[in-house]
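# Structural overview for review
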Number of protein chains: 2
Amino acid sequence: MPDLKYDVLGIGNAIVDVIARAGDDFLVRQKMNKGTMALIDEARAGAIYEAMGPAVEVSGGSAANTIVGVAGFGARAAFIGKVKDDELGQAFAHDIRAAGVAFDTPPAADGPSTGRCYVMVTPDGERTMNTFLGAAQDLHPADVDPDAIAAAAITYLEGYLWDPPHAKEAFRKAAKIAHEAGRKVALTLSDAFCVDRYRAEFVDLIRNRTVDLVFANESELKSLYETADFDTALAALRQQAALAVVTRSEKGCVVVSGNDTVAVPAAPIEKLVDATGAGDLFAAGFLTGLARGRDHQTAARLGALAAAEVIQHIGARPEVSLKELAAQNGLAL
Amino acid sequence: MPDLKYDVLGIGNAIVDVIARAGDDFLVRQKMNKGTMALIDEARAGAIYEAMGPAVEVSGGSAANTIVGVAGFGARAAFIGKVKDDELGQAFAHDIRAAGVAFDTPPAADGPSTGRCYVMVTPDGERTMNTFLGAAQDLHPADVDPDAIAAAAITYLEGYLWDPPHAKEAFRKAAKIAHEAGRKVALTLSDAFCVDRYRAEFVDLIRNRTVDLVFANESELKSLYETADFDTALAALRQQAALAVVTRSEKGCVVVSGNDTVAVPAAPIEKLVDATGAGDLFAAGFLTGLARGRDHQTAARLGALAAAEVIQHIGARPEVSLKELAAQNGLAL
């Protein structure tokens, strides 16, 4: 087994978030499904941008947010994802590297511009997303560095990778390398609509143990097993997955593995400002805990802490040191 | 006199802020003067960006922030400034228009990229700025639309316009048109180091009444008259300016015109998060009040309200409706 170089390596769509506040009426007029992510083409991206209010640009991307969180906990982190060599792509690369993450995927020299996600934050703090994948479309298996994967305790993949044409091949390649090196593979289901697009494939990945650990929120879980009943869906997941974590917003999370169940409450917050990144940062804490040999309960508490931090400000990247936050809460890593 | 179309029209450097948190040690290592703005070239911009932490991109520019604030109060606002037709330039144009500001300056098709300001926010909420002017360098007198100026009750100019080579000509052209149309001209001194670069010219603008209203903070005022004594400097300003407003951070502001003096306290805040834009938004409130025929005291209170809003979050553009904020404080416009 090669030396361990990273605690967690993530592969995902490299995206810059374009975040604006919006009223619920805006979502209705724009026919957006509140709280979900829709894929859009360039024309629709232009139309949404023109209609939306003044915005802030912040590096995002689901798995990228998670990996920045892992680095924020002081763990060793790496990311693979595709930007273009344009201003937003340079910003993405700067931000993830400045956060302490190894990021060596070469940017695309031509083709569509760096991917972006138009995020509408409604007064209740909920976020509704519209993603133009752009250069993220061009993530290929060749972008997966086998040495990096083999040197990472956990390789973390986002379900959104099923959207770009070749990224799922990159995903499968990475999972194979990781397992051959004796490492773990984790997957987030990403979004209920994403699950709807790729349900059968996701179930296969879980059942045939291409992934060892699955993250889902309630709506993704229900979508996966096409049921409105949480307990039914959880029972199905427990049977199929080696280890699974289901996040339930303010109700905390449930970790299931075999017959074991661990429930951990959400960390308290003062005010929900922007829910963007809640699931991503939960995953950051859980993965860091797991990679560092902590038990499921401790890992879930780390996840809850990170999620609580990120939803109390605009943007999906932490604004304080998660390492210090963990230490302050008696969870020093 | 042509019909009044705008309450306030601003001319300034069109800049996108690249904002990151930084420790005081970072400022020391980078030899930055805390709380001030330094002009940098492209090479230095690259070096600072590489050294700084993860950032957020938000449209900025001193006069542009002010004009967005004017629009936020529900007043009619326009802006003249130069961006390039690149991603950041498109973001600048989108954000200012989405805020309700008329912005018709054609973007530069070639030349340097859109100007940017690297803003380091230290834990005390103070901001230290490094500006690469970029495309803002190319603001020319031809960009000043005479009809727009003549149709604005107040034309507002930033002292920073003295930095790009041709912008001061644009400034003088605008002031002349405004006065010929019977309108008012306002100037902010922008920054103590900016005053140091152009002291004699700024004193001339004030003495010969090219500007009718001057905004300065304490350090700019002291720099203008090269004295460490506030009262001495204020006496000099009172003698030379028709109307002047001196902002004093948490000590509020002083409005002087002839022998009249009005002192207005700062509006209360819960926590200073990021001082960026405090002066800009104060000017927004004061200018709006003045353009709408309010007295100096009321105008200064509007300024204090807007400044208090903007320093309680990251970024120099208001996040709430200033119009509603004014109404809630008994200052409905």
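Residues numbered from 1 in each chain as written. Chains lettered and ligands numbered in written order. Predicted model: local features only at pLDDT ≥ 70, side-chain atom pairs only at ≥ 80, totals over all residues.

Quick look at the environment of Leu-139 of chain B now. Residue and element names in this part refer to chain B. Along the chain, Leu-139 turns up in the loop between strand 8 (127–132) and helix 5 (146–150). Overall, Leu-139 belongs to the buried group, with 29 C-beta atoms counted inside 10 Å. Expressed as a C-alpha distance, the spacing of Leu-139 and Leu-221, which sit 82 residues apart in the sequence, is 27 Å. In contact with Leu-139, other than residues within four places in its own chain, are Gly-81, Lys-82, Pro-164, His-166, Ala-167 and Ala-170. (Helix = DSSP H or I, 4+ residues; strand = E, 2+ residues; numbered from the N terminus. Buried ≥ 20, exposed ≤ 12 C-beta atoms within 10 Å, placed from the backbone. Contact = placed C-beta atoms within 7 Å.)

Quick look at the packing of helix 3 (residues 62–72) of chain B against helix 10 (residues 278–291) of chain B now. All names here are of chain B. Orientation of helix 3 relative to helix 10, taken along the N-to-C sense of each, is 45°, at an axis distance of 8 Å. Accordingly, the angle class assigned to the pair helix 3 and helix 10 is oblique. Between helix 3 and helix 10 the crossing geometry is right-handed. Contacts between helix 3 and helix 10 involve Ser-62, Asn-65, Thr-66, Gly-69 and Val-70 on the former and, on the latter, Asp-280, Leu-281, Ala-283, Ala-284, Gly-285, Leu-287 and Thr-288. When the residues that make up the contact of helix 3 with helix 10 are grouped by side-chain class, the tally is five nonpolar, six polar and one charged. (Axes fitted to C-alpha atoms, helices over the stretch in contact; angles between N-to-C directions. Parallel < 35°, antiparallel > 145°, perpendicular 65-115°, else oblique. Left-handed = near helix turned anticlockwise from the far one by under 90°. Nonpolar A, V, L, I, M, F, W, Y, C, P; charged D, E, K, R; others polar.)

Looking now at the relation of the copies chain A and chain B. Superposition record for chain A on chain B: RMSD 0.0 Å, screw rotation 180°, translation along axis 0.0 Å. Given the turn and translation reported, the copies of this chain are related as if by a two-fold rotation axis. Minimal C-alpha distance to the rotation axis in chain A is attained by Glu-57 of chain A, lying at 2.5 Å. (Least-squares fit on C-alpha atoms with pLDDT ≥ 70 in both.)

On to the interface of chain A and chain B. As a measure of interface size, the accessible area lost when the parts come together is often cited. Taken together, the contact between chain A and chain B spans 19 residues of the former and 19 residues of the latter. Going through the elements one at a time, strand 4 (56–59) and helix 4 (87–98) of chain A are the ones with two or more residues in the side of chain A that touches chain B. At six residues, the largest contribution of residues to the side of chain A that touches chain B is made by helix 4 of chain A. Residue composition of the side of chain A that touches chain B, grouped by class: 10 nonpolar, four polar and five charged.

Most peptide bonds take the trans configuration, and most residues that are not glycine carry a negative phi. Residues and elements named next belong to chain B. In this structure, Lys-31 is a non-glycine residue whose phi angle is positive, near 55°. Topologically, Lys-31 is positioned in the loop between helix 1 (24–29) and strand 3 (37–39). Owing to 7 C-beta atoms within 10 Å, Lys-31 belongs among the exposed residues under this scheme.

Residues and elements named next belong to chain B. Taking strand neighbours across the sheet as the criterion, the nine strands line up as 6-5-1-9-10-11-12-13-14 in an open arrangement whose pairing is mixed. With one partner strand each, in any of the chains shown, strand 6 (102–103) and strand 14 (260–264) form the two edges of the open sheet. When strand 10 (residues 184–188) meets strand 11 (residues 213–217), the two strands line up parallel, connected through three bridges. Considered in strand 11, the bridge of Thr-188 is made with Phe-215. (Pairing = 2+ DSSP bridges.)

This part takes up the confidence of the model for chain A. For chain A, the average pLDDT comes to 96, and 100% of its residues sit at 70 or higher. Overall fold confidence (pTM) sits at 0.93, and the ipTM for the predicted complex is 0.90. (pLDDT = per-residue confidence, 0-100.)

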